[in-house]
Amino acid sequence: MKNFYLTTPIYYVNDKPHIGHAYTSLAADCLARFKRLDNQKVFFSTGTDEHGQKVEESAIKKNQSLKDFTNSVSQEFKRLSDLLNLTNSDFIRTTEQRHISKVRNIWTKLIDKEQIYLGSYKGWYSVRDEAFISETDIKTDNKNNKIGPSNDILKWVEEPSYFFRLSDWQEKLLDFYKHNQDFILPKSRYNEVVKFVQGGLEDLSISRTSFNWGISVPRNDKHVIYVWLDALCNYLSVLDENNKQFWPADIHIVGKDILRFHAVYWPAFLLAADIDLPKKIFAHGWWTIDGEKMSKSKGNVIDPYKLVKKYNPDLIRYFLLREIPFGQDGNFSESLLIRRINSELSNGYGNLVQRVLAMIFKYFNGKVPKLDNMNDKDKQFLAMPSKSLDKIRKLMDALQFHAAIEEILVIIRASNLYVDNSEPWVLAKKDIARLSTVLSLLINLIYKVNILLQPFIPSSSEKVFEQLYQQNNIGFERINNDLIVEKPIKKPYIIFPRIV
Ligand code: MSP
């Protein structure tokens with residue numbers, strides 16, 4: 001069995017989760033489920049990023065101890081994972097001992113390889129991005145404040161600092177990108193990263209002394225390790241002795257805002273520490289609300305808990321993955337969600353399942369009818385899901401969830417049309433043998449389509465299997481099997497009620 005290791009970023013605990021966090025996690029979960037059904041051994045990691053100035057400032061603002069504050073927000077992220085039906089293999093917190101030891105271990109490795117030196121840092125720092133900002137990315141507002149790329153007021157930092165010899169890795173990184181054109185996806189992001197690195201890399205400040213909330217530097221506890229070096233190591237620290245073989249990761253899924261850390265700093269750290277590089281990094285786009293960035297001050301933050309309470313989590317997963325090609329930005333609105341669900345799931349798939357099962361109840365006592373005498377067209381039709389699987393595999397490897405779903409919808413649309421054109425209610429009066437073939441073909445198509453739909457609507461597809469008295473989690477290798485003739489099915493009920 002092939003191993004497949006995929007990761008989400010670990011989420012900052014400075015604030016509670018919003019729909020943007022749910023998005024990265026749902027995409028990763030969909031891919032994890034797909035690979036498992038495709039007979040791969042999957043390790044899927046997620047977790048929380050709990051150190052750094054941003055988290056420290058938030059805890060102080062809330063008047064809570066760092067321990068209580070990080071425990072409670074991290075718990076919120078765990079709760080969200082449960083609510084969204086995530087199948088992560090582990091949940092790593094950067095405040096855990098297993099993580100802290102791994103980070104120290106990597107620091108020591110970098111010291112041994114003479115990749116770190118002590119100097120002093122002078123420059124502007126963005127707490128929001130937890131990043132040093134170079135002069136070219138700084139604007140000034142009308143009060144003469146220095147403003148960073150994420151529109152926060154920058155802080156002047158002047159302190160002793162350890163540096164990582166990032167400048168040494170510029171040529172090696174460029175060479176690596178050149179020979180691994182799929183390392184960064186989509187292609188436009190690859191080009192951006194290459195351009196950035198070609199512009200020159202300066203050594204990177206990787207420790208801070210003006211606050212305490214972090215992992216202290218081995219043998220110099222006046223310094224805490226830079227939060228990004230700390231956080232990136234989670235992808236290694238989450239793998240214990242039994243799971244070491246999952247490294248290198250097959251894919252890190254990240255938002256476009258944190259691509260540079262993953263596609264430049266992380267590979268440089270790994271190269272310097274003589275550790276294999278991950279195989280792929282995919283940067284997805286951002287959700288906006290009515291065209292605007294989500295922000296607390298604008299009061300337009302979408303709360304995933306409220307959304308999950310109102311709609312089944314499958315519907316949110318389906319909408320987020322279907323609406324926008326992964327990699328592009330998109331606008332979130334509930335009316336778009338409702339429109340999408342009603343047309344594709346209620347009127348499309350739900351309607352198909354409901355009418356086919358109801359007719360099998362009416363005409364065949366709720367038992368799978370015989371599939372005899374299929375003509376060539378019928379045979380081709382029945383083979384559609386299996387043929388689509390090859391295309392879907394390729395689309396999933398490119399993380400094109402919306403297009404993978406479209407492949408499945410093509411079969412659903414064709415099936416609904418087939419019902420209309422073959423007029424089972426007319427056949428019932430004159431040709432029971434043909435009626436049996438038509439309805440059997442359709443229920444078998446539903447079974448196969450449902451196998452393909454599992455990663456996209458996991459709890460709803462389970463309900464469909466239940467109606468067919470099938471167990472859940474049916475692997476793709478079974479897509480060529482047909483249902484057993486005469487096997488009873490359950491009386492159908494509506495799985496995707498129309499949202500009004
Ligand atoms: N802690 C770092 C990641 C460290 S990984 C070693 C971090 N955390 S975060 O909580 O700010 O963001 C986590 C993820 O959520 C990022 O991939 C980010 O792109 C994603 N999103 C945050 N807001 C988003 C939207 N509005 N839309 C889509 N995704 C967004 O960065």
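Residues numbered from 1 in each chain as written. Predicted model: local features only at pLDDT ≥ 70, side-chain atom pairs only at ≥ 80, totals over all residues. Heavy atoms only, no water.

Peer 1: What should I look at first to understand the packing of helix α12 (residues 334-364) against helix α17 (residues 432-453) in this one?
Peer 2: For any two helices packed against each other, the geometry is given by the interaxial angle and the distance between the axes. Contact pair α12 / α17: the axes reach a minimum separation of 10 Å and the direction vectors enclose 145°. Here α12 runs over α17; the crossing is left-handed. In contact with Y349, L352, V353, V356, L357, M359, I360, Y363 and F364 of α12, α17 contributes I432, L435, S436, L439, L442, I443, I446, V449, N450 and L453. (Axes fitted to C-alpha atoms, helices over the stretch in contact; angles between N-to-C directions. Helix = DSSP H or I, 4+ residues; strand = E, 2+ residues; numbered from the N terminus. Left-handed = near helix turned anticlockwise from the far one by under 90°. Contact = heavy atoms within 4.5 Å.)

Peer 1: Quick question: what am I supposed to make of the site of the ligand here?
Peer 2: Close contacts around the ligand come from 25 residues, with I10, D49, G255, D257 and W287 the closest. At a separation of 2.8 Å, an oxygen atom of the ligand approaches a polar backbone atom of G255. Burial of the ligand by the protein chains amounts to 95% of its free accessible area of 660 Å². Put simply, the parts of the chain that give the shell around the ligand at least two residues each are β1 (2-12), α1 (19-37), α7 (227-232), α8 (234-237) and β14 (251-255). Class assignment of the residues belonging to the shell around the ligand gives a composition of 14 nonpolar, nine polar and two charged. (Near = heavy atom within 4 Å. Polar contact = N/O pair within 3.5 Å; in protein donor to acceptor, adjacent residues only side chain to side chain. Areas by Shrake-Rupley, 256 points an atom, 1.4 Å probe, with all protein chains shown as cover. Nonpolar A, V, L, I, M, F, W, Y, C, P; charged D, E, K, R; others polar.)

Peer 1: What am I meant to see in the packing of aromatic side chains here?
Peer 2: A ring pair, where both rings are aromatic, is described by two values, the distance of the centres and the angle of the planes. Applying the stated criterion across every chain, the model contains 29 aromatic pairs. For the ring pair W247 and W266, a centre distance of 6.2 Å and an interplane angle of 75° mean the geometry is edge-to-face. One end of the pair, W247, is in the loop between α8 and β14; the other, W266, is in helix α9 (residues 259-273), and 19 residues separate them in sequence. Judged on exposure class, the residue W247 and its partner W266 are both buried. Through successive ring pairs, a cluster of aromatic residues spans Y23, F282, W287, F319, F326, F332 and F401. Taking the ring centre of Y305 as reference, the NZ or CZ of R79 above it sits at 4.3 Å. Between the NZ or CZ atom of R208 and the centre of the ring of Y125, over which it lies, the distance is 4.3 Å. (Phe/Tyr/Trp six-rings, centres within 6.5 Å; stacked < 30°, edge-to-face > 60°. Buried < 20%, exposed > 50% of the residue type's maximum accessible area, 1.4 Å probe, protein only. Lys NZ or Arg CZ within 6 Å of the ring centre and 35° of its normal.)

Peer 1: Looking at this structure, how should I read the pairing of strand β15 (residues 281-284)?
Peer 2: Along any regular strand the residues' side chains alternate between the sheet's two faces. Of the two faces of β15, both are covered, the one formed by I281 and A283 as well as the one formed by F282 and H284. Judged from the two bridges that link them, strand β9 (residues 184-185) and β15 form a sheet pairing that is parallel. Residue pairing for β15: L185 is matched across the bridge by F282. Relative to β15, β14 runs parallel, the two being bridged by four bridges. Each bridged residue has a counterpart across the sheet, and for G255 the counterpart in β15 is H284. Taken together, β14, α9 and β15 constitute a β-α-β crossover, and its handedness is right-handed. (Pairing = 2+ DSSP bridges. Right-handed = clockwise from strand over helix to strand, strands pointing away.)

Peer 1: Just to check I follow, could you spell out empty space enclosed by the protein for this structure?
Peer 2: A probe matching the size of a water molecule, rolled over the atoms, marks out where space remains unfilled. Tallied over the full model, the rule gives two cavities of 30 Å³ or more. The calculated volume of the largest cavity comes to roughly 60 Å³. Taken together, Y11, H21, A22, S25, T46, F77, L80, S81, L84, L86 and F91 make up the lining of the largest cavity. Elements with a minimum of two residues in the lining of the largest cavity: α1 and α3 (66-83). (1 Å grid on protein atoms, 1.4 Å probe; cavity = no way out; pocket = protein on both sides within 12 Å on 5 of 7 lines; lining within 4 Å. Points joined across faces, edges and corners; volume = space filled by probe spheres on them.)

Peer 1: Is there a simple way to explain unusual backbone geometry in this structure?
Peer 2: Glycine aside, residues mostly have negative phi, and peptide bonds are mostly found in the trans state. In the segment running from L185 into P186, the intervening peptide bond is cis, with an omega of -10°. Its place among the elements puts P186 in the loop between β9 and α6 (187-198). With an omega of 5°, the peptide bond running from W247 to P248 counts as cis. Positive phi outside glycine occurs at N63, with the angle close to 60°. Assessed through its relative accessible area of 73%, N63 is described here as exposed. The phi dihedral of E486 falls on the positive side, at around 80°, and the residue is not glycine. As for its position among the elements, E486 is in the segment after α18 (458-467).

Peer 1: I keep staring at the packing of helix α14 (residues 384-397) against α17 and nothing clicks. Help me out?
Peer 2: The contact between α14 and α17 brings their axes to 10 Å, and the two run at 15°. Classified by the interaxial angle, the pair formed by α14 and α17 is roughly parallel. Relative to α17, the crossing made by α14 is right-handed. Across the interface between the two elements, P385, L389 and I392 of α14 pack against L445, K448 and L452 of α17. The residue makeup of the contact of α14 with α17, split by class, is five nonpolar, no polar and one charged. (Parallel < 35°, antiparallel > 145°, perpendicular 65-115°, else oblique.)

Peer 1: Whenever I open this one, the sheet that holds strand β4 (residues 116-126) confuses me. Can you help?
Peer 2: Through backbone hydrogen bonds, the strands of a sheet pair up, either in parallel or in antiparallel fashion. In space, the four strands of this open sheet follow the order β5-β4-β8-β10, with antiparallel pairing throughout. Edge positions in the sheet fall to β5 (131-133) and β10 (204-205), since each has one partner strand and no second. Sheet analysis places β4 next to β5, joined by three bridges and oriented antiparallel. Residue pairing in the sheet places W124 in a bridge with I133 of β5.

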